[in-house]
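# Report on the structure
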Amino acid sequence: MAKKSAVERDKKRVYLGKKFQARRARLKASAIDPALSPEERFKARIKLSEVPRNSAQVRQRLRCRVSGRSRGNYRKFGLSRIVLRELASSGQIPGIIKSSW
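Residues numbered from 1 in each chain as written. Predicted model: local features only at pLDDT ≥ 70, side-chain atom pairs only at ≥ 80, totals over all residues. Heavy atoms only, no water.

### Focus on the pattern of salt bridges
Heads up, the condition is: Any Lys or Arg side-chain nitrogen located within 4 Å of an Asp or Glu carboxyl oxygen qualifies as a salt bridge. Strands here are runs of E lasting at least two residues and helices are runs of H or I lasting at least four, both read from the DSSP assignment and numbered beginning at the N terminus.
Counted according to the given criterion, the structure contains three salt bridges. Of the charged contacts in the structure, one is a salt bridge between Lys11 and Glu8, with a shortest N-O distance of 3.5 Å. A residue pair is termed a helical-turn pair when its members lie 3 or 4 positions apart in one helix, as Lys11 and Glu8 do in helix H1 (residues 4–19) at three residues. Salt bridges sharing partners connect three or more residues here, namely Asp10, Arg13 and Arg63.

This is the structure in structure tokens:
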């Protein structure tokens with residue numbers, strides 16, 4: 001199991017990402033818009049820097065939904081390699097079977 005504080009921190013980042021998604025997108029679009037004057041683009045960059053940093057998508061970490069493990073995750077299942085193997089071996093994931101040859 002991962003530390004509970006790390007999992008909660010990532011949950012907070014997901015929440016902030018959803019909350020500020022529209023504002024960040026609008027400010028980023030206006031910051032790179034060549035039709036605007038340099039002063040307006042600079043103001044957009046300043047406002048973008050005032051938005052919480054933890055609301056950025058790149059700060060979110062992919063974690064296992066069961067164990068909270070941050071490494072060795074499969075995006076398709078949302079599980080870590082360890083939990084995926086346990087669930088697949090016990091037959092709890094449909095369509096996944098252990099191969100042997």
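### A few points about the side chain of Ser67
Note the threshold: Polar contacts, as counted here, are pairs of nitrogen or oxygen atoms within 3.5 Å of one another; within protein the pair requires one atom able to donate a hydrogen and one able to accept it, and residues that are adjacent in sequence qualify only if both atoms are side-chain atoms. For this analysis, residues touch if any pair of their heavy atoms sits within 4.5 Å.
Here Ser67 lies in the loop between helix H3 (38–50) and strand S1 (73–74). A polar contact is formed between the side chain of Ser67 and the backbone nitrogen of Arg69, at a distance of 3.4 Å. Contacts of Ser67, omitting those with residues within four sequence positions, involve Met1, Ala2, Ser80 and Val83.

### Quick look at the packing of helix H2 (residues 21–32) against H3
Cut-off, in case you're wondering: Angles here are taken between N-to-C directions and fall from 0 to 180 degrees, while the axes themselves are lines fitted to C-alpha atoms, restricted in helices to the stretch in contact. Roughly parallel here means an angle under 35 degrees, roughly antiparallel means over 145, roughly perpendicular means 65 to 115, and every remaining angle is called oblique. Crossings are sorted by hand: turned counterclockwise from the far helix by less than a right angle, the near helix makes the crossing left-handed, and turned clockwise it makes it right-handed. By the convention adopted, Pro, Cys, Tyr, Trp, Phe, Met, Ile, Leu, Val and Ala count as nonpolar, Lys, Arg, Asp and Glu as charged, and the other residues, Gly among them, as polar.
Contact pair H2 / H3: the axes reach a minimum separation of 8 Å and the direction vectors enclose 150°. The angle between H2 and H3 places the two elements in the roughly antiparallel class. Like other packed secondary-structure pairs, H2 and H3 cross with a definite hand, here left-handed. For the pair formed by H2 and H3, the contact residues are Arg24, Leu27, Lys28, Ser30, Ala31 and Ile32 on the first element and Arg41, Ala44, Arg45, Lys47 and Leu48 on the second. Here the contact of H2 with H3 is composed, by residue class, of five nonpolar, one polar and five charged.

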